[in-house]
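Here is what each chain is made of, one letter per residue.
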Amino acid sequence: MFAKVIVDVPAKQTNRAFDYIVPPALKAWVEVGSRVTVPFGPRVVQGFVVELHEETDVKIERLKSIQSVPDLVPPLTVELVGLAHWMSRTYLCHEVTALQVMLPGALKAKYERGLQVGIEPQMGSLLELPERLAILDFVRCKGTLSMEALMDRFPHEGAAIKDMVLSGALVEVQMMKDRISMKKVLTVFPPKEVDSLVEAGEKLPAKARKQKEVLDYLSLHPDPIRLTELMELIQVGAGTVKALADRGLIELKEIEVMRDPYAGRTFARTMPLPLTDEQSTVYAEIRSAIVEGKPSVFLLQGVTGSGKTEVYLQSIQQCLELGKEAIVLVPEISLTPQMVERFKGRFGNEVAVLHSRLSQGERYDEWRKIMRKQVRVVIGARSAVFAPFQRLGLIIIDEEHESSYKQEDSPKYHAREIAVQRAENNGATVVLGSATPSLESIHRTSVLPDHGTTESPSYRLLTMKSRVEGRPLPEVFIVDMREELKNGNRSMFSKALHHAIEERLHKKEQIVMLLNRRGYATFVMCRTCGYVSSCPHCDISLTYHQSTRMLRCHYCGYAEREVKLCPSCGSEHIRHFGTGTQRVEEELGKLFPGIRVIRMDVDTTTEKGSHEKWLTMFGQKQADVLLGTQMVAKGLDFPDVTLVGVIAADTSLNIPDFRSAERTFQLLTQVAGRAGRHQKLGEVYVQTYTPEHYSVQCASRHDYNSFVTEELHSRIRLGYPPYQRLILVTFSHEQAPFLIRAAEAFAVRLKELIEDVQRKQSTEMLLSLDGFEEPQAADFSMEVLGPVASPISRIKDRYRFQCVVKYRGDGLAVELVGKAVAYFEQQNAKEKLQISIDVDPQYLM
DNA sequence: AGCACGCCGACT
DNA sequence: GTCGGCGTGCTC
């Protein structure tokens, strides 16, 4: 038997399957999806089995054997192996990178080299020397140890050690370790015949009273029990129990346990709530799709507070009743205990939770619950879309428009596309939920008046237009800040917002305040000469960090001390720009003495669990205002919030990105949705310098459809998604002139490839006119823009240039870019040119 | 990516 | 005459 193995060497030359012999002893263990260790060249690496065959084309004498299979059960399913292959083509990444991203970090191989004792001392070697014997003994005693450890012990014997390695007295071996750590807990095992315990207890010395107590307890409760628990229960020391184990009366063993991040927490079980008419209609559609078991994608557009979560919950219920499994994706930022509670409350310990704040070990254990089929529901952030279920029935993506569903490093996948693909593989249903669906998604529902979608599968649109229990959407007031300035109000709060805040404080209601700070980081500038502190290695200004009083580069980590005098002109007028949340907090304190503000931004939420802590405090009404950046806009639900203030809606509008209007609209709509979700009515004040902009206007009227119509027109006009799709190709190199030449050469090559295809297609068109065959990929179009300098033109001392490829049609464009890159890399093999490809990028930088 | 094999400069 | 520089090419 032979296996095709993708090895853990992410390089273009090793980006293919290698054939290995499956030794008879491992035959039962090696499956498609198995993780294996294989000899590869002079070393041993990890790999993944992607195919099994009875035959092989490779000459048998060239083949090596699989060395070991580290897992009891293959960590990947056949479906996921196929998906990884699809990903490598779709996102132009190495196949092994796609496979790795599906696994918890704990299963990533850690390579170490170590030393072992080699051949026995030979004649003429210098092994009789005492220090060499000592080294040999030390290594023999340790079995295998690292070079560092040996040098630590014998700091002056570097030469001797080297000599011993050369002579073969010591041999170098490659060690491959998992990063796994199983948590082990000492557990007490009483013997099978409990009666013997009582007897034994009587034979114990009279003074061993504590030991007798333990035996009495165990004879009544003969199940294995954790040592710590036993000690707690009957107030004995570890020594007492140990003594019993030494007498052989009980057994004390380490057993492996699962870490449970939610251990000790009970979740009140909730029952399905009655659905509103809208919810029922929507649920019925989803339900029948799940029952039918054919791949289908729904786009559920429901206004904030329309009760999408209850629809999710009941859909999952339906899915479970059919014996299938479900995945729920939520943006990382809204994966709060509140959210988890809702799912744990409904499905109890059928739920595994995966998010980045878990430790590696906790993550691994949650993941193993899936492998062992102990859970049938997974709730998690982006990467949970790869949960290794085998009877997947439903994938829900909440807030589907969120850009955090796109992974920013390789493989640069979008969880939405992965979900659709997995649904295709499993006959599963996908529900994309949002109050403000992305233009890409709404376009694929083909309900828009213009040209229908060309991409398959098309999505089915479901809408929920009203909030549960007929609660109204909050009223939104747009405040023109230019007028405020004219009227002499130079404060960051308009008169209207100021009033509204006062009123809430008076009524003891709560306020959410959003400072939309994207693309507007706090930088430092000299007011005299205009000098801006910027990174010496990257083309970007440094960001000021209050906590450390340092200026830091977000791209390379470079940091420097806060400056008091301008390094350029010596002036003292150095100011921090970019209204930070701190300044808003200060201002609030000045204007409303005694106001209690919780500030949530990067400075206050880096600590583990701090995010939850603040939200809990706010929920318990320990503060009047929740002030923060994007993170206060999402998914929060507090009954006493009746006012939402947006300090400056424009900041995200002014970012030079084709999605800035869409992002602004989404953010405003989301944050407005935080107000008046329960009995009390809500109000929203949006301060802006561009009140006429359609993203602000539409958001204020809760008018998604008008926004989409307007925005889509501009996208069509400019040839941006969803009308055309994009591929961003970024080149980087230390030398700018070389880089420019290279990027241009790439663009030329890609254009040639495109022309080839187009020429071929027009020939085919002619043929098909003669009635020979159907025209193929008639919708194909592709154009190369650039190269131009990237918006951030230098990072870590490397200059950056980029090409934007606009295209329509299926995977052909990606294939051509792949070909161009391959050709190009071959031409420039020895250069240190880096090329990065982002298919369907979220940001053009 | 590693790592070995292989062909040209400054040293015992 | 050798040690070692890193260019080129392969890994089942």
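About the cut-offs
Residues numbered from 1 in each chain as written. Chains lettered and ligands numbered in written order. Predicted model: local features only at pLDDT ≥ 70, side-chain atom pairs only at ≥ 80, totals over all residues. Heavy atoms only, no water. UniProt positions renumbered as here; feature names shortened; annotations may be inferred. Domains from an automatic or database assignment. Pairing = 2+ DSSP bridges. Helix = DSSP H or I, 4+ residues; strand = E, 2+ residues; numbered from the N terminus. Axes fitted to C-alpha atoms, helices over the stretch in contact; angles between N-to-C directions. Contact = heavy atoms within 4.5 Å. Buried < 20%, exposed > 50% of the residue type's maximum accessible area, 1.4 Å probe, protein only. Parallel < 35°, antiparallel > 145°, perpendicular 65-115°, else oblique. Left-handed = near helix turned anticlockwise from the far one by under 90°. Nonpolar A, V, L, I, M, F, W, Y, C, P; charged D, E, K, R; others polar. Phe/Tyr/Trp six-rings, centres within 6.5 Å; stacked < 30°, edge-to-face > 60°. Lys NZ or Arg CZ within 6 Å of the ring centre and 35° of its normal. Core = buried A, V, L, I, M, F, W, Y, C linked by side-chain atoms within 4.5 Å. Near = heavy atom within 4 Å. Polar contact = N/O pair within 3.5 Å; in protein donor to acceptor, adjacent residues only side chain to side chain. 1 Å grid on protein atoms, 1.4 Å probe; cavity = no way out; pocket = protein on both sides within 12 Å on 5 of 7 lines; lining within 4 Å. Points joined across faces, edges and corners; volume = space filled by probe spheres on them. Patch = residues over 30% accessible without salt bridge, like charges linked within 9 Å, V, L, I, M, F, W, Y side chains within 5 Å. Areas by Shrake-Rupley, 256 points an atom, 1.4 Å probe, with all protein chains shown as cover. Salt bridge = Lys/Arg side-chain N within 4 Å of Asp/Glu carboxyl O. Lys, Arg positive; Asp, Glu negative; His and termini not counted. Charge placed at Lys NZ, Arg CZ, Asp CG, Glu CD.

In the annotation of an unreviewed UniProt entry, the entry for chain A reads Replication restart protein PriA, and the organism field reads Paenibacillus eucommiae. Recorded under Sequence similarities (unreviewed entry), the UniProt text for chain A is reproduced unchanged: "Belongs to the helicase family. PriA subfamily."

Draft legend 1. Expanded view of the domain arrangement of chain A. Taken as a whole, chain A is organised into domain 1 (2-109), domain 2 (112-177), domain 3 (184-256), domain 4 (277-469), domain 5 (471-518 + 580-718) and domain 6 (725-839). The gap between the C-alpha centroids of domain 3 and domain 4 is 48 Å.

Draft legend 2. Spotlight on the sheet that holds strand 15 (residues 392-398). Ordered by their spatial adjacency, seven strands build an open sheet running 13-14-12-15-16-11-17, and the pairing between neighbours is parallel. Only two strands of the sheet have a single neighbouring strand rather than two, namely strand 13 (351-354) and strand 17 (460-464). Taken over all neighbouring pairs, the strand axes of this sheet differ in orientation by 15 degrees on average, direction set aside. Bridge count between strand 12 (residues 325-329) and strand 15: five bridges; the pairing is parallel. When the bridges of strand 15 are listed, Leu329 appears paired with Ile397. Of the strands in this sheet, strand 11 (296-302), strand 15, strand 16 (429-434) and strand 17 touch helix 10 (residues 277-292), which is tilted by about 155 degrees from strand 17. On top of the sheet, helix 13 (residues 360-371) reaches strand 13 and strand 14 (377-380); it is set at about 145 degrees to strand 13, its chief contact.

Draft legend 3. Local environment of the UniProt feature "binding site: Zn(2+) 2" (unreviewed entry) in chain A. What UniProt calls "binding site: Zn(2+) 2" (unreviewed entry) maps, in this numbering, to Cys535, Cys538, Cys553 and Cys556. Annotated residues spanning 22 residues; largest pairwise C-alpha distance 8.7 Å, indicating a single compact cluster. Within the secondary structure, Cys553 is located in the loop between strand 22 (550-552) and strand 23 (559-561). Cys553 has contacts with Cys535, Cys538, Ile540, Leu542 and Tyr558, leaving out every residue within four places of it along the chain. Residue position: Cys556 is located in the loop between strand 22 and strand 23. Beyond its immediate chain neighbours, meaning those up to four positions away, Cys556 contacts Cys535, His537, Cys538 and Lys796.

Draft legend 4. Spotlight on unusual backbone geometry. The step from Ser410 to Pro411 runs through a cis peptide bond, and the omega angle for that step is -5 degrees. Positionally, Pro411 belongs in the loop between strand 15 and helix 14 (415-426). The residue Lys508 is not glycine, and still its phi comes out positive at about 60 degrees. One can find Lys508 in the loop between helix 17 (495-507) and strand 19 (510-514). With a phi angle near 55 degrees, Asp840 is a residue other than glycine that sits in the positive phi range. Position of Asp840 among the secondary structure elements: in the segment after strand 32 (834-839).

Draft legend 5. Region of the structure containing the pairing of strand 14. Side-chain alternation along strand 14 places Val377 and Ile379 on one buried face and Val378 and Gly380 on a second face that is also buried. Pairing analysis gives four bridges linking strand 12 to strand 14, with the strands arranged parallel. Note on strand 14: the bridge partner recorded for Leu329 is Gly380.

Draft legend 6. Molecular detail of the packing of helix 10 against helix 11 (residues 308-321). Put simply, helix 10 and helix 11 touch, their axes get as near as 10 Å, and they point 30 degrees apart. Classified by the angle their axes make, helix 10 and helix 11 are roughly parallel. Considering only the axes of helix 10 and helix 11, their crossing is right-handed. Where helix 10 approaches helix 11, its residues Gln279, Val282, Tyr283, Ile286, Arg287, Ile290 and Val291 are matched on the opposing element by Glu310, Val311, Gln314, Ser315, Gln318 and Cys319. Residues that form the contact of helix 10 with helix 11 fall into these classes: seven nonpolar, four polar and two charged.

Draft legend 7. Geometry of the packing of aromatic side chains. Applying the stated criterion across every chain yields a total of 14 aromatic pairs. Among the aromatic residues, those joined into a cluster by ring pairs are Phe665, Tyr694, Tyr704 and Phe707. The ring centre of Phe138 lies 5.4 Å from the NZ or CZ of Arg153, which sits over that ring. Sitting over the ring of Trp614, Lys613 keeps its end group 4.9 Å from the ring centre.

Draft legend 8. Focus on the nonpolar core. Met87, Phe386, Ile727, Phe731, Leu750 and Met782 are the most contacted members of the largest nonpolar core, which has 120 residues in total. Here this core takes ten residues from helix 24 (residues 736-769), the largest share from any one element. When near neighbours in sequence (up to four residues on either side) are disregarded, Phe731 contacts Leu739, Ala743, Phe746, Tyr799, Arg800, Phe801, Gln802, Cys803, Phe824, Leu833, Gln834 and Ile835.

Draft legend 9. Representation of the protein's contact with DNA strand B in the model. For DNA strand B, the full set of nearby residues is Val9, Ala11, Gln13, Thr14, Pro42, Arg43 and Arg113. If you look at DNA strand B and keep only atoms within 4 Å of the protein, 53% of those are sugar or phosphate atoms. Here a base nitrogen of DNA strand B sits 3.4 Å away from a polar atom, N or O, in the side chain of Arg43. Split into classes, the residues belonging to the surface near DNA strand B amount to three nonpolar, two polar and two charged.

Draft legend 10. Just the sheet that holds strand 28 (residues 683-688), in detail. A sheet is described by the order of its strands in space; here six strands give the open sequence 18-28-27-19-26-25, paired in parallel fashion. Of all the strands in the sheet, just strand 18 (475-480) and strand 25 (597-600) have a single pairing partner and so form its edges. Strand-to-strand twist across the sheet, computed as the mean angle between neighbouring axes with direction ignored, equals 15 degrees. Bridge analysis of strand 25 against strand 26 (residues 625-628) gives four bridges, and the strand direction is parallel. Looking at the pairing, Arg599 lines up with Leu627 of strand 26. Where helix 20 (residues 610-619) meets the sheet, its contacts fall on strand 19, strand 25, strand 26 and strand 27 (641-646), and the angle it forms with strand 25 comes to roughly 155 degrees.

Draft legend 11. Examining the protein's contact with DNA strand C more closely. As a matter of local geometry, DNA strand C sits amid 14 residues, with Arg16, Asp19, Gly41, Arg62 and Lys64 nearest to it. At a separation of 3.3 Å, a phosphate oxygen of DNA strand C approaches a polar backbone atom of Pro39. The separation between a sugar or linking oxygen of DNA strand C and a polar main-chain atom of Gly41 is 2.9 Å. At the level of secondary structure, the elements contributing two or more residues to the surface near DNA strand C comprise strand 2 (17-21) and strand 3 (35-40). Sorting elements by how many residues they give to the surface near DNA strand C places strand 2 first, with three residues. For the surface near DNA strand C, a count of residues per class yields six nonpolar, three polar and five charged.

Draft legend 12. Spatial organisation of the layout of surface pockets. Volume-wise, the second largest pocket comes out at about 880 Å³. Looking at the second largest pocket, it is lined by 31 residues, and the ones nearest its centre are Gly307, Thr309, Arg342, Asp637 and Arg677. When residues of the lining of the second largest pocket are traced back to their parent elements, those giving at least two are helix 11 and helix 12 (337-347). The residue makeup of the lining of the second largest pocket, split by class, is six nonpolar, 13 polar and twelve charged. Lining the lining of the second largest pocket are residues from two domains, each supplying at least three of them: domain 4 (277-469) and domain 5 (471-518 + 580-718).

Draft legend 13. Examining a negative patch on the surface more closely. Where like charges cluster on the molecular surface, the negative patch consists of Glu193, Asp195, Glu199 and Glu202. Inspection of the secondary structure puts Glu193 in the loop between strand 8 (183-189) and helix 6 (195-203).

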